[in-house]
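Coordinate analysis (summary)
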Amino acid sequence: MGSVRIAVVGGGIAGATAAYHLTEVHPDAEVLLLEAEPVLAHHTTGRSAAIFVENLATAPNRIMLRAGRGFLWDPPEGLADHPILTHRTVMHVATEAQMGSLEETYANGQAVTTPSEWLTPEEASVHFPPIRSELLAAAVLEPECADIDVGGLHQAYIRGMRRNGGTIATSRRVDAARPDGDGWRLDTTDGEIGADIVVNAAGSWGDLVAASAGVEPVGLQPNRRTAFMVNGPGVDTTGWAFTIDAESRWYTKDDGPQMLCSLVEETPFEPCDVKPDEADVALAIDRINEATTLGIRSVNSAWAGLRTFAPDRSLVIGPDPDRPAFVWCVGQGGCGIQTSAGAGRLLADLALGGEPSDVFDGADVSGLLPGRLRTHG
Ligand SMILES: Cc1cc2nc3c(=O)[nH]c(=O)nc-3n(C[C@H](O)[C@H](O)[C@H](O)COP(=O)(O)OP(=O)(O)OC[C@H]3O[C@@H](n4cnc5c(N)ncnc54)[C@H](O)[C@@H]3O)c2cc1C
């Protein structure tokens, strides 16, 4: 391909992986990453729980997980100074009343790379000693999960795209995109830019960016989720599972000397720099104290982020069916970090009209394409 100019809008994990993979797959393209904030990864990407867990993803998103797994475990030479993934188990725990949800989790967990296992309450307390095992009916363990070094992964993509000649402009919001021949003129906070292709990796703002380009939105819904840090129990937590209530009413994982906790809520929100709600933090503490012996009394820090979903909760990747020079990379929801390597590669394969490469092993990616969400024929 000649000197195609590609403007990637958004510098979170979606924009970073898109920019990196575009420079890899299309070495002659000129790739420019545009971020509205003064720093990259300020919004949802900097606010995650940093977990790789296959069982919580939709079937199309699992294609992204499987395709990107190798990259995350063994990144290309020179991109990362430390491992991106560290092995961890994930455990779903249920009271008698929650067994229906746990059975569903177990069934879904049979289709993942390493199938989930049933645990007795006593076995559950080996994987997470603070759990009040006397309240449990059973647990399900997903053995092959991982903690993700999110900062290291984001940096790896940025390092790679820069090494390949890509450039970055921060404090550069794209306010509108106007069609210009087959390409675009972008109005930004620092002047006008021309581009042949626009990649929309604007997270919660994805539909607004589309609307500003005259492209039909796909129906993205941002949802707030709160997380917070509390003091850990002061014992060696090596090998403890990330532990989640079977009905997703709370979760917790050890993080150095602290515990990361969440209410696992999904509160619909408008795109913004979202803040945590004290009532959500208090409710999560009540639930975690009821289910565990952690005895949480105070919070060290709290934050919230917007997990943004398409109507069917799968990613939206690829050229718009009505306007192929507008390429979607949105709808990362609750798994945008762990799907990023696969999603970036699929986007790069499709962006200039190509087909999915061999890393997707012939998988049917139609459940990820934007056309599935269009209501007209
Ligand atoms: C509490 C919580 C826990 C989570 N846990 C996990 C987890 O364990 N594992 C996992 O994989 N995922 C997890 N997620 C989800 C994950 O964080 C997201 O899916 C991912 O970060 C989304 O990345 P993004 O790049 O799409 O969005 P963002 O990081 O929000 O990036 C979008 C960027 O676009 C920029 N932008 C917007 N509009 C414009 C414009 N007009 N011009 C220029 N720039 C623009 C924004 O400033 C922003 O920087 C979690 C999320 C939350 C909130």
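All of these numbers come straight from a predicted model, not from anything done at the bench.

What about the site of the ligand?
Neighbouring the ligand are 37 residues; Glu35, Thr45, Ile51, Gly333 and Gln338 lie closest to it. Note that an oxygen atom of the ligand is positioned 3.2 Å from one of the backbone N or O atoms of isoleucine 13. At a separation of 2.8 Å, an oxygen atom of the ligand approaches a polar backbone atom of glutamine 338. Compared with its free state, where it exposes 1000 Å², the ligand has 96% of that area covered by protein. For the shell around the ligand, the secondary-structure elements that each account for two or more residues are α1 (13-25) and β17 (301-309). Of the residues in the shell around the ligand, the class split is 16 nonpolar, 14 polar and 7 charged. Each of domain 1 (5-54 + 150-220 + 311-373) and domain 2 (86-147 + 223-308) contributes no fewer than three residues to the shell around the ligand.

So, the domain arrangement of the protein chain
What the domain assignment reports for the protein chain is domain 1 (5-54 + 150-220 + 311-373) and domain 2 (86-147 + 223-308). Domain 1 and domain 2 are separated by 30 Å when their C-alpha centres are compared. Facing 21 residues of domain 1, the contacting portion of domain 2 comprises 23 residues. Between domain 1 and domain 2, roughly 1700 Å² of surface is buried when both sides are summed, and carbon and sulfur atoms account for 52% of that area. Ranking the residues of domain 1 by area buried against domain 2 places Arg47, Ile51 and Glu54 at the top, with a combined share of 32%. Run the count over domain 1 and domain 2 and you get 2 salt bridges. With its nearest N and O atoms 2.7 Å apart, the salt bridge here joins arginine 47 to aspartate 273. Linking domain 1 with domain 2 are 13 residue pairs in polar contact (both at pLDDT 80 or more), by the criterion used here. For the side of domain 1 that touches domain 2, the per-class residue count stands at 8 nonpolar, 10 polar and 3 charged.

Points about the sheet that holds strand β11 (residues 197-200)
Pairing in this open sheet of 6 strands is mixed, and the strands run β7-β2-β1-β11-β19-β18 from one edge to the other. Both edges of this open sheet fall to β7 (167-169) and β18 (316-319), since each of them pairs with a single strand only. Between one strand axis and the next, the sheet turns through 20 degrees on average, direction left out of account. As paired strands, β11 and strand β19 (residues 326-330) are joined by 3 bridges and run parallel to one another. When the bridges of β19 are listed, asparagine 200 appears paired with tryptophan 328.

Structural notes on unusual backbone geometry
We note that alanine 41 has phi near 60 degrees; this positive angle belongs to a residue other than glycine. For serine 248, which is not a glycine, the phi torsion comes out positive at approximately 50 degrees. Inspection of the secondary structure assignment puts serine 248 in the loop between β13 (242-245) and β14 (251-255). Looking at serine 248, the relative accessible area reads 33%, which means it is partly exposed.

Digging into the environment of threonine 114
On the secondary structure map, threonine 114 appears in the loop between α3 (99-108) and β5 (117-119). The partly exposed category is assigned to threonine 114, whose relative accessible area is 28%. Here the alpha-carbon distance between threonine 114 and asparagine 55, two residues 59 residues apart in the chain, equals 9.9 Å. Once residues lying within four places of it in the same chain are set aside, the contact partners of threonine 114 are Gly109, Pro143 and Glu144.

Details of the sheet that holds strand β10 (residues 191-195)
Reading across from one edge, β8-β9-β10 is the order of the 3 strands in this open sheet, with antiparallel pairing throughout. At either margin of the open sheet sits one strand with a lone partner, and together these are β8 (174-180) and β10. Strand after strand, the sheet turns through a mean of 25 degrees between neighbouring axes, direction not considered. Where β8 and strand β9 (residues 183-188) come together, 6 bridges link them in antiparallel fashion. When the bridges of β9 are listed, aspartate 180 appears paired with glycine 183.

Regarding the packing of α1 against helix α8 (residues 340-351)
Between α1 and α8, the least distance of the axes is 8 Å, while the angle of their chain directions is 50 degrees. Classed by the angle they form, the pair α1 and α8 counts as oblique. Note that α1 runs across α8; the crossing there is right-handed. Only Ser340, Ala341, Gly344, Arg345, Leu347, Ala348, Asp349 and Ala351 of α8 make contact with α1, whose side of the interface consists of Ile13, Thr17, Ala18, His21, Leu22 and Val25.

What about the state of the cysteines?
All chains considered together, the criterion is met by 0 disulfides. The structure places no disulfide on cysteine 145, whose sulfur is separated from the nearest cysteine sulfur, that of cysteine 335, by 13 Å. Here cysteine 329 is not disulfide-linked; the sulfur of cysteine 335 is the nearest cysteine sulfur, at 12 Å. Overall, the relative accessible area of 1% leaves cysteine 329 in the buried class.

Examining the pattern of salt bridges
Enumeration over the complete set of coordinates arrives at 23 salt bridges. Of the charged contacts, one joins arginine 307 and glutamate 266 as a salt bridge, the two residues approaching to 3.2 Å between their closest N and O atoms. Linking arginine 307 in strand β17 with glutamate 266 in the loop between β15 (258-262) and β16 (267-268), this pair joins segments that are 41 residues apart in sequence. In this structure arginine 307 comes out as buried when scored by relative accessible area, which is 14%. When salt bridges that share partners are traced, they join Arg88, Asp147, Lys253 and Asp254 into one network.

Parameters at a glance
Residues numbered from 1 in each chain as written. Predicted model: local features only at pLDDT ≥ 70, side-chain atom pairs only at ≥ 80, totals over all residues. Heavy atoms only, no water. Near = heavy atom within 4 Å. Polar contact = N/O pair within 3.5 Å; in protein donor to acceptor, adjacent residues only side chain to side chain. Areas by Shrake-Rupley, 256 points an atom, 1.4 Å probe, with all protein chains shown as cover. Helix = DSSP H or I, 4+ residues; strand = E, 2+ residues; numbered from the N terminus. Nonpolar A, V, L, I, M, F, W, Y, C, P; charged D, E, K, R; others polar. Domains from an automatic or database assignment. Contact = heavy atoms within 4.5 Å. Buried area = accessible area lost by both parts, 1.4 Å probe. Salt bridge = Lys/Arg side-chain N within 4 Å of Asp/Glu carboxyl O. Pairing = 2+ DSSP bridges. Axes fitted to C-alpha atoms, helices over the stretch in contact; angles between N-to-C directions. Buried < 20%, exposed > 50% of the residue type's maximum accessible area, 1.4 Å probe, protein only. Parallel < 35°, antiparallel > 145°, perpendicular 65-115°, else oblique. Left-handed = near helix turned anticlockwise from the far one by under 90°. Disulfide = S-S within 2.5 Å.

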